[in-house]
Structures are given as C-alpha cells and as structure tokens.
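What follows is the residue order along each chain.
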Amino acid sequence: MQFASQILSNVEIARDYWRIRLTAPREFAAATPGQFVMVRIGGGLDPLLRRPLAVFDLGTDETGGVAQVWFEMLYKVVGKGTAMLSTMRAGSAVDILGPLGTGFDMGGDDEEKLLVGGGIGLAPLYLLATELVRRKSPVHLFAGGRTRDDLLCLTDFERLSVKCHCATEDGSYGAKGFVTVALNRHLDALAGKATLYACGPDGMLHALAKIAAERKLPCQVSLEGYMACGVGACLGCVATGKNHSPQTPDYRCVCTEGPVFEASELQWGA
Ligand SMILES: Cc1cc2nc3c(=O)[nH]c(=O)nc-3n(C[C@H](O)[C@H](O)[C@H](O)COP(=O)(O)OP(=O)(O)OC[C@H]3O[C@@H](n4cnc5c(N)ncnc54)[C@H](O)[C@@H]3O)c2cc1C
C-alpha cells in the first residue's frame, strides 16, 4: 500500500545513525519482521528513487480513544537520501510504499534463535526479536560493529530479555574482533537445535553462510543491496541463486522473493 505518513520523531541515536517514528494506517500493523518500506524522500526530482528501509519496530498508541499505528526505522546516513531524511522534523510528511517483501520465517519454538547483526544490519532484527520472545523462544543477539557507536539500540534488545553478545573490531565494546568469533564459541557449547538470522555487511553474511553450512544449521539472511522499485518490476536488485550457471541463470529478486533468504539458497562466491 502507498500512504502519506507523518513523522512523529526523528532522532540521532549515535554518530550518523538515526531512529525515525512515523504514522501508518491501521492495515500497516500486519507488517511482519524482515519486511521493509520504500521511502520517498522530499517532494522533488532529486533523489528520484525511493530508498528501502527495514521496519525496526511497530506499535499502536491510544490517545483520546483513537488508535494510531506507528512504525520505526533505524537508518545510517550514507548519501543524499538518508542525509535529507535526517534533516526532516516531526510533523513533516513522507510518502511510504509498504510493507514490502518476504520477511523472516519464525521456525519452530524448540530451538535457540541466534540473531546476528552487523552495524545497521541490526535494523530488521528488533521486530524479529520481539516476535520470537512473544513466542517464548530463547533469543540471543550477536551484535558486531567497527566501534561502540555501531552497536545500536542494545538496551531495547535487553529490555526484551534478549541475551546480547557484543564484539567490536577496535575492542571499544565487548569482545575485540569479529562477531562470528563470539557466535562460534556459543555454537561450540550448544546442546540442542538453533536457527541463525542475520543482516549486515556482505562479508559477515558470507562468513555466516559458511558457518551454517559447516554446522548444518538453518540460516536466514536479510540482504540490503541496491534496490530501485521495491516491487519486482525493475529487476535491479537480484541476488544469485545456488543453481546459477552461465547456461542456466538463477537469479532471485531481493525485493519480492526476499529480502530474507535461506543462506543455502544463494550462491556466495569463493
Ligand atoms: C531491503 C532493504 C532494507 C534496508 N534497510 C535499511 C535500514 O533499515 N537502515 C539503513 O540505514 N539502510 C537500509 N538499507 C540500505 C539503504 O536503502 C541505503 O543505505 C540507502 O538507500 C542509501 O540511500 P542514500 O541516498 O543515502 O545513499 P546514495 O546517495 O544512494 O548512496 C551513497 C553511498 O552509499 C552506497 N550505497 C547506497 N545504497 C547502498 C546499499 N543498499 N548497500 C550498500 N551501499 C549502498 C553507494 O554506493 C554510495 O557510495 C536497506 C536496503 C534494502 C535493500
């Protein structure tokens, strides 16, 4: 659905990272973890294309007997569109298309849910954690970043009683090094079953796909590549599927078939 939304708040939570809350129509409350929206930023021709952002959180406020659905997004300022978004204040109007895409599969309740987020990759994992906790699954978050500022909204995850394991490359918070080290340590001690859910830089997702394959664990990854239309029309966001070869092309459309894929369904290169 396409709708005119109003910004309720837009706050810088760490250097270059922002958290924005917007109004939404009642039907938006059906959005599921891993889905995203396409945001039209500004009313002019530049930027022309909408920008995809994950749904971070979702709720309904009751004021004066009137229910108002809201949703939040976490975004990192990396270029023109996100820089413009960061200048917009409460009360401004934003045109939204969504919720879009195929989100995370919740899987069974008899297993640990291991969420792995790198930097802004934590964005789609919070709504997922909320839903998994509601289903009474044991949830662990492995949060990685270059430095402390890249570990976003940890107190929000902790408030859900998610056990957070942190790693930074510069050692400014948590263990020093990649988040996969902490994850591997946890997996070595794991007695029962587990599913991995991940979002973050390509290198991290690639490493996780390898870990999951070696340990024979299901692993769902949310991809954040370039995307132009968000509805499967432009085919600008395809990922390479596991059966791809020059003779038999196998491309998966990230915006409609994804952005969440089972890691073993994709081709990860060497
Ligand atoms: C399904 C999906 C969900 C996403 N969710 C989030 C989210 O919740 N929070 C968030 O901050 N970002 C998210 N992204 C990425 C976000 O869409 C881009 O960062 C944003 O479109 C950049 O717009 P811009 O105009 O600021 O940057 P541009 O001016 O378009 O680009 C600036 C720089 O960033 C690089 N860049 C732009 N887009 C991407 C990208 N997708 N991947 C890698 N590099 C890129 C460009 O090469 C360029 O160097 C998501 C992407 C997808 C596909």
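Since the model is a prediction, treat every value here as computed from it, not as a measurement.

So, how was this worked out
Numbering of residues starts from 1 in each chain and follows the order in which that chain's sequence is written. In keeping with the predicted nature of the model, local features appear solely for residues at pLDDT of at least 70, side-chain atom pairs appear and are counted solely at 80 or more, and the whole-chain, interface and lining totals rest on all residues. As a rule here, side-chain values cover all heavy atoms of the structure and leave hydrogens and water aside. Helix and strand labels come from DSSP, where a helix needs a run of H or I of at least four residues and a strand needs a run of E of at least two; each type is numbered from the N terminus. Partly exposed residues are those whose accessible area sits between 20% and 50% of the maximum for their type, while under 20% is buried and over 50% is exposed, using a 1.4 Å probe and protein chains only. Axes here mean lines fitted to C-alpha atoms, for a helix over just the part in contact, with angles spanning 0 to 180 degrees between N-to-C directions. These descriptions rest on fixed angle ranges, namely under 35 degrees for roughly parallel, over 145 for roughly antiparallel, 65 to 115 for roughly perpendicular, and the rest for oblique. Whether a crossing is left-handed or right-handed is set by the direction in which the near helix is turned from the far one by less than a right angle, anticlockwise for left-handed and clockwise for right-handed. Contacts are assigned to residue pairs with any non-hydrogen atoms lying within 4.5 Å of each other. Lys, Arg, Asp and Glu make up the charged group, whereas Ala, Val, Leu, Ile, Met, Phe, Trp, Tyr, Cys and Pro make up the nonpolar group; the residues left over, Gly among them, are polar. What makes two strands pair is DSSP finding at least two bridges between them.

Participant: What exactly am I supposed to notice about unusual backbone geometry here?
Facilitator: Note: most peptide bonds trans; most residues except glycine with negative phi. Of note, the bond from Gly98 into Pro99 is cis; its omega dihedral lies within 30 degrees of zero at 0°. Topologically, Pro99 is positioned in strand E7 (residues 93-100). With an omega dihedral of 15°, the bond running from Gly258 to Pro259 counts as a cis peptide bond. With a phi close to 70°, Lys136 is a non-glycine residue in the positive phi region. Take Lys136: its relative accessible area is 72%, and that puts it in the exposed class. Here Ser161, not a glycine, exhibits a phi torsion of approximately 70°, which is positive. Note on placement: Ser161 falls in the loop between helix H3 (154-159) and strand E10 (163-168). Judged by relative accessible area, Ser161 falls into the exposed class, the value being 66%.

Participant: Can you walk me through the packing of helix H4 (residues 179-188) against helix H5 (residues 202-215) in this structure?
Facilitator: Geometry of a packed helix pair, given as the angle between the helix axes and the separation of the axes. In the contact formed by H4 and H5, the axes pass within 11 Å of each other and the chain directions differ by 15°. Judged on the interaxial angle alone, H5 and H4 are roughly parallel. The interaxial crossing formed by H4 with H5 has right-handed handedness. Across the interface between the two elements, Val179, Thr180, Leu183, Asn184, Leu187 and Asp188 from H4 touch Met204, Ala207, Leu208, Ile211 and Arg215 from H5. Of the residues assigned to the contact of H4 with H5, the class counts are 7 nonpolar, 2 polar and 2 charged.

Participant: In this structure, what is going on with the sheet that holds strand E16 (residues 260-262)? I would like to understand it.
Facilitator: Within a sheet, adjacent strands bond to each other through the backbone by hydrogen bonds, running parallel or antiparallel. If you walk across this open sheet you meet the 7 strands as E11-E10-E9-E8-E12-E13-E16, and the pairing is mixed. For this open sheet the edge positions go to strand E11 (175-176) and E16, each flanked by a neighbour on one side alone. Where strand E12 (residues 194-199) meets strand E13 (residues 219-222), 4 bridges bridge the pair, whose relative direction is parallel. Bridge pairing in E13 links Cys199 to Ser222. Sitting on the sheet, H4 is in contact with strand E8 (112-118), strand E9 (139-145), E10 and E12, with an inclination near 155° to E9. Its contacts with the sheet place H5 against E8, E12 and E13, and it is angled at close to 165° to E12.

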